[in-house]
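These are the residues of each chain, in order.
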Amino acid sequence: MNLLTVSGSPHVHGGNSTKKIMFGVIYAMIPALLVSVYFFGLGAIKVTLVAVLACVFFEWVIQKYLIKGPSTIHDGSAIVSGILLAFNVPSNLPIWIIIIGALVTIGVAKMSFGGVGKNPFNPALVGRVFLLLSFPVQMTSWPKPAVLFSGLADAVTGPTALGHLKEEIGRGRTVTDVMENGTKMIVDGQEVLYEIPQYMDLFLGNMGGSLGEMSAIALVLGGIYMLFRKIISWHIPVTYIGSVVVFTGILWAIDPEAYVNPAFHLITGGLMLGAIFMATDMVSSPMSNKGQLIFGLGCGVLTVIIRVWGAYPEGVSFAILIMNAFVPLINNGLKPKRFGEVVKNG
Amino acid sequence: MSVLKTFKIGGVHPPECKYSAGEAIKALELPKQVTIPIAQSLGAPSKAVVAKGDEVKVGQLIAKGEAFISSNIHSSVSGKVLKLDEVLDQSGYRRPCIIINVDGDEWDENIDRSTELKKDITATKEEIIKKIQEMGIVGLGGATFPSHVKLMVPDGKKAEVLVINGVECEPYLTADHRLMLEMADEMVIGIQILMKGLDVKRAIVGVENNKPDVIEHLNNRVKDYPGIEVCALKVQYPQGGEKQLIDAAIGRQVPSGKLPIEVGAVVNNVGTAFAVYEAVQKNKPLIDRVVTVTGKNLKETGNFMVRIGTSVNELIEKVGGLPEDTAKVVSGGPMMGKALNSTDVPVVKGTSGILTFEEGEAKRVETTNCIRCAKCITVCPMGLEPVLIAQYAGNELYENVEAERAMDCIECGSCSYTCPAGQPLLDYIRLGKYKVGEIIRNRSKK
Ligand code: SF4
Ligand code: SF4
């Protein structure tokens with residue numbers, strides 16, 4: 001007679017796993033990764049590889065020697081954090097800075113809270129913001145995209161479209177002036193004319209900026225894949241992007257020369273990256289759909305406030321981190337609709 | 001095609017694995033001995049009315065349900081009472097049972113054993129209820145709630161519609177499926193009897209659309225009977241849950257902590273409707289039922305008409321014996337069934353299926369950190385937050401467990417089934433419910 005296992009129901013499992021979810025996110029990031037390699041060449045590969053390896057290594061070391069628990073690196077979450085970190089930095093960032101970023105991402109923002117699932121803030125964003133505050137110069141010198149493998153050395157650094165526009169508006173110029181006439185700048189002792197890339201270029205990713213924020217279309221593609229695999233739901237990306245469009249649209253309607261149009265906001269400054277990949281991080285976003293709507297809205301409004309009136313041109317990281325802090329509150333305040341709550345008898 | 005109805009909140013769709021759907025119901029040979037537990041329904045245990053050495057016939061009363069919520073138990077065989085003893089049953093505990101050695105197959109002479117369909121319902125409402133109680137009919141969907149109690153609508157409430165559960169949403173199980181195909185006429189008459197007993201003019205049979213043969217067959221059958229409609233439902237687990245089925249079929253949600261009658265509905269399973277037909281029209285007590293025997297590792301699968309008290313072993317022998325690699329045997333479906341610690345236990349009124357798992361299937365997935373994906377919340381058909389309740393229960397914060405409406409949990413298992421981190425959510429929730437139950441009982445004592 002065999003010995004029978006006795007355990008509580010259910011006796012079957014759906015087969016989903018943390019690993020499957022994490023690798024789903026990784027697959028979703030591949031289009032954006034390819035675009036960044038296309039525009040930034042080896043630099044993009046280098047930054048991504050270093051960030052991923054460092055994140056995985058730090059997680060392994062901390063889990064083994066400090067937490068002394070079973071290894072968790074196989075679940076893929078460290079790889080996701082690594083790629084997201086890489087997506088949020090310029091492609092010419094020195095290796096040692098990337099490694100520091102990875103240490104903050106994994107060591108401080110993730111493992112110190114107990115590892116995967118326990119972190120209140122999005123780890124890659126914590127790493128990114130830490131680097132932005134500690135190494136402002138390196139973190140904001142963006143190589144201009146040069147088409148595939150034209151070599152690292154040639155890359156010219158230029159500002160991000162959003163950062164540049166904000167600076168020039170700050171100087172009293174109008175949006176049309178900056179957009180149409182460009183700006184004379186002194187780069188390496190030479191006067192050059194910097195022009196804001198065309199919308200099509202912005203949309204495809206042909207602009208200066210962090211690795212992964214480049215191509216809106218590639219990011220949307222990844223988002224659709226994650227929606228399809230039910231890794232994310234539409235609530236956060238749609239409310240996030242929607243509220244940015246509405247808010248900047250109102251400002252633009254008030255004064256189109258002081259505030260740039262919503263389309264520009266939409267495809268620059270890592271909004272797509274943030275709304276699709278960072279704000280939707282299941283660990284650090286609200287659980288209920290209602291909560292996610294509020295969260296997305298909060299992210300959108302904060303992003304615009306920071307972009308338009310704050311000290312930084314790109315508000316996405318800060319906005320998401322601030323909203324992360326509200327997640328426990330949102331979770332407590334917004335319960336899912338209980339069965340039988342609304343008794344509609346008909 | 002119109003949009004199929006289903007319940008509104010949560011739900012999952014596990015692989016259906018209905019291997020035995022094509023197997024006609026076969027009568028299992030008479031066992032040599034039956035072990036009939038005295039407590040087979042929800043409510044108070046019944047009291048044995050036979051003693052060691054007594055000769056009994058098929059259908060003879062052997063234990064009487066004396067409380068309001070309790071049920072009569074009849075002998076499923078003819079022979080001699082060997083003893084009254086505490087025997088291991090499906091619960092895994094020793095419980096009082098009546099053990100009968102089988103001798104021949106002599107039936108109580110009041111039972112009409114002909115197969116002739118008896119359409120005319122001559123019994124009055126009161127007679128129907130009395131008969132159902134007398135014949136020991138209980139809910140055959142698994143909950144084994146005494147059926148006569150369901151027909152007694154409390155004062156101030158009114159039954160408007162009878163909902164018949166033909167959903168069989170548990171994977172693997174096909175007993176109801178076969179019954180609806182093979183005994184449709186009897187079942188439909190049983191539904192009419194229940195309608196008369198409840199004094200309602202309308203009955204809805206809910207069937208998921210993965211059983212198109214049943215839907216077609218029943219639609220043909222109910223034509224001759226006014227007031228009965230067949231409602232095709234979109235496949236979704238746990239549609240067989242009472243509250244979910246009412247929501248799906250008539251669009252009403254039973255409030256928290258309330259019974260279906262609150263929204264004018266009474267739910268009965270198709271197996272129960274069949275048993276009611278036999279009880280009222282044929283004077284036959286509940287002494288047998290259809291049981292599905294299935295499993296990926298079995299050579300054969302099947303649906304058998306089994307006398308209550310037959311050992312699970314004999315059922316498994318019938319399909320070629322228990323394979324070597326069997327690691328788990330479940331009574332019921334894979335989502336809500338109960339793992340048996342021995343196959344030497346009797347089939348009872350609530351046994352809908354016997355399901356075997358080989359080692360790989362029996363093992364639970366590894367548990368890792370919750371990643372707060374909220375999938376458990378999305379699938380919970382009661383709109384609860386399983387992750388939260390489980391955490392509170394794990395930390396022994398039972399007041400919070402109660403405040404999070406853990407008592408609404410129907411233990412469908414959708415949350416554990418879905419969790420990517422392999423969290424044993426329902427285990428914790430059950431523990432929490434148990435403790436909260438104790439707390440509530442203590443409170444009402446004061
Ligand atoms: S499904 Fe599992 S991992 Fe996801 S929130 Fe619920 S308990 Fe956590
Ligand atoms: S077992 Fe309970 S908590 Fe879990 S999904 Fe079902 S009803 Fe919800």
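What you are looking at is a predicted structure, and each value in this text was computed from that prediction instead of being measured.

Counting 83 residues, the largest nonpolar core has Met29(A), Leu84(A), Met226(A), Tyr240(A), Phe277(A), Phe295(A) and Ile320(A) as its most contacted members. If you tally residues by element for this core, the top one is helix α1 (residues 18-40) of chain A, at 11 residues. Not counting residues up to four positions away in its chain, the partners in contact with Phe295(A) are Ile236(A), Ala279(A), Ser284(A), Ser285(A), Pro286(A), Met323(A), Asn324(A), Val327(A) and Ile330(A). Core analysis: the second largest hydrophobic core is formed by 43 residues, Val200(B), Val205(B), Val270(B) and Leu286(B) among them.

With that out of the way, let us pick up the domain arrangement of chain B. Residue and element names in this part refer to chain B. Looking at the assigned domains, one finds that chain B contains domain 1 (125-282) and domain 2 (375-445). The C-alpha centroid of domain 2 is placed 29 Å from the C-alpha centroid of domain 1. With 6 residues of domain 1 in contact, the opposing surface of domain 2 contributes 7 residues. Roughly 490 Å² of surface becomes buried between domain 1 and domain 2 when both sides are summed, with 54% attributable to carbon and sulfur atoms. In this structure, the connection of domain 1 to domain 2 is made through 0 salt bridges. Applying the counting criterion to the domain 1 and domain 2 interface returns 3 residue pairs in polar contact (both at pLDDT 80 or more). Residues of the side of domain 1 that touches domain 2, tallied by class, amount to 2 nonpolar, 3 polar and 1 charged.

Once that is clear, we can look at the pairing of strand β14 (residues 302-307) of chain B. Residues and elements named next belong to chain B. The buried fraction of β14 is high, at 6 of 6 residues. What you see with β14 is no split at all: Gly302, Phe304 and Val306 on one side and Asn303, Met305 and Arg307 on the other are buried throughout. Sheet analysis places strand β1 (residues 25-27) next to β14, joined by 3 bridges and oriented parallel. If you follow Ile25 over to β14, its bridge partner there is Asn303. Bridge count for strand β13 (residues 288-295) against β14 is 6 bridges, and the pairing is antiparallel. Counterpart to Val293 in the pairing with β14 is Gly302. Where β13 folds back on β14, the antiparallel hairpin that results is connected by 6 residues.

Turning our attention to the environment of His148(B). Residue and element names in this part refer to chain B. With respect to the helices and strands, His148 occurs in helix α2 (residues 147-151). Measuring from C-alpha to C-alpha, the distance between His148 and Ser71 comes to 9.0 Å, with 77 residues separating the pair along the chain. Every residue in contact with His148, bar those within four places of it in the chain, is listed here: Phe68, Ser70, Ile129, Ile132 and Gln133.

Here we take up the sheet that holds strand β7 (residues 79-88) of chain B. Residues and elements named next belong to chain B. One open sheet holds the 4 strands; their spatial order is β2-β8-β7-β4, and the pairing between them is antiparallel. Across the chains shown, the open sheet's two edge strands, defined by having one partner strand only, are β2 (33-37) and β4 (55-56). Pairing analysis gives 5 bridges linking β2 to strand β8 (residues 94-102), with the strands arranged antiparallel. Opposite Val34, over in β8, you have Ile100 as the bridge partner.

Moving on, we come to the site of ligand 2. All names here are of chain B. Taken together, 13 residues lie near ligand 2, and Cys380, Cys409, Cys412, Gly413 and Cys415 sit nearest. Breaking the shell around ligand 2 down by element, the ones donating at least two residues are α13 (414-418) and α14 (425-445). Looking at the shell around ligand 2, its residues break down into 10 nonpolar, 2 polar and 1 charged.

The next subject is the interface of chain A and chain B. At the interface, 43 residues of chain A touch 66 residues of chain B. The junction of chain A with chain B conceals about 4,400 Å² of combined surface from both sides, 52% of it contributed by carbon and sulfur atoms. It is His11(A), Met287(A) and Phe339(A) in chain A that bury the most area against chain B; as a group they hold 21% of the surface buried on that side. Counting across the chain A and chain B interface gives 4 salt bridges. Here Lys335(A) makes a salt bridge to Glu404(B), at a shortest N to O gap of 3.2 Å. Between the two partners, chain A and chain B, sit 22 residue pairs in polar contact (both at pLDDT 80 or more). Residue classes in the side of chain A that touches chain B are distributed as 17 nonpolar, 19 polar and 7 charged.

Residues and elements named next belong to chain B. One can describe the packing of helix α4 (residues 184-198) onto helix α5 (residues 212-222) by two numbers: an axis separation of 10 Å at closest approach and a directional angle of 55°. Between α4 and α5, the interaxial angle falls into the category oblique. The element α4 and its partner α5 pack so that their crossing is right-handed. For the pair formed by α4 and α5, the contact residues are Ala184, Asp185, Met187 and Val188 on the first element and His217, Leu218, Arg221 and Val222 on the second. Of the residues belonging to the contact of α4 with α5, the class tally is 5 nonpolar, 1 polar and 2 charged.

Before going further, it helps to spend a moment on the side chain of Thr292(B). Residues and elements named next belong to chain B. Considering the arrangement of structural elements, one finds Thr292 in strand β13. According to the relative accessible area criterion, Thr292 is buried, its value standing at 0%. At 3.1 Å, the side chain of Thr292 forms a polar contact with the backbone nitrogen of Thr174. Engagement of the side chain of Thr292 in a polar contact is seen with the backbone nitrogen of Ala175, the distance being 2.9 Å. In contact with Thr292, not counting residues within four places along its chain, are Ser20, Tyr172, Leu173, Thr174, Ala175, Gly302, Asn303, Ser352, Gly353 and Ile354.

Here we come to the packing of aromatic side chains. Under the definition given, this model contains 8 aromatic pairs over all chains. For the pair Phe247(A) and Trp309(A), a centre-to-centre distance of 6.4 Å together with 50° between the ring planes defines the contact as tilted. Residue Phe247(A) is located in helix α11 (residues 235-254), and its partner Trp309(A) is located in helix α14 (residues 289-309); the two are separated by 62 residues in the primary sequence. Taking the centre distance of 5.8 Å and the plane angle of 70° together, the rings of Tyr19(B) and Tyr172(B) count as edge-to-face. Note that Tyr19(B) is positioned in the segment before β1 and Tyr172(B) in the loop between β9 (161-165) and α3 (175-182), a separation of 153 residues in sequence. Looking at Tyr19(B), the relative accessible area reads 40%, which means it is partly exposed.

Here we come to the packing of helix α1 (residues 125-134) of chain B against α4(B). All names here are of chain B. One can describe the packing of α1 onto α4 by two numbers: an axis separation of 8 Å at closest approach and a directional angle of 115°. In this structure, α1 crosses over α4, and the sense of that crossing is left-handed. On α4, the residues touching Lys125, Ile128, Ile129 and Ile132 of α1 are Ile193, Leu194, Lys196, Gly197 and Leu198. Class assignment of the residues belonging to the contact of α1 with α4 gives a composition of 6 nonpolar, 1 polar and 2 charged.

On to the sheet that holds strand β6 (residues 73-74) of chain B. All names here are of chain B. Sheet architecture is open: 3 strands sit in the order β3-β5-β6, paired in antiparallel fashion. Pairing within the sheet leaves two strands with one partner each, and these edge strands are β3 (47-48) and β6. Of the strand pairs in this sheet, β3 and strand β5 (residues 61-64) are connected by 2 bridges, and their pairing is antiparallel. Residue Ala48 lies in a different strand from β5, and its bridge partner there is Ala63.

Basis of the calculations
- Residues numbered from 1 in each chain as written.
- Chains lettered and ligands numbered in written order.
- Predicted model: local features only at pLDDT ≥ 70, side-chain atom pairs only at ≥ 80, totals over all residues.
- Heavy atoms only, no water.
- Core = buried A, V, L, I, M, F, W, Y, C linked by side-chain atoms within 4.5 Å.
- Buried < 20%, exposed > 50% of the residue type's maximum accessible area, 1.4 Å probe, protein only.
- Helix = DSSP H or I, 4+ residues; strand = E, 2+ residues; numbered from the N terminus.
- Contact = heavy atoms within 4.5 Å.
- Domains from an automatic or database assignment.
- Buried area = accessible area lost by both parts, 1.4 Å probe.
- Salt bridge = Lys/Arg side-chain N within 4 Å of Asp/Glu carboxyl O.
- Polar contact = N/O pair within 3.5 Å; in protein donor to acceptor, adjacent residues only side chain to side chain.
- Nonpolar A, V, L, I, M, F, W, Y, C, P; charged D, E, K, R; others polar.
- Pairing = 2+ DSSP bridges.
- Near = heavy atom within 4 Å.
- Axes fitted to C-alpha atoms, helices over the stretch in contact; angles between N-to-C directions.
- Parallel < 35°, antiparallel > 145°, perpendicular 65-115°, else oblique.
- Left-handed = near helix turned anticlockwise from the far one by under 90°.
- Phe/Tyr/Trp six-rings, centres within 6.5 Å; stacked < 30°, edge-to-face > 60°.

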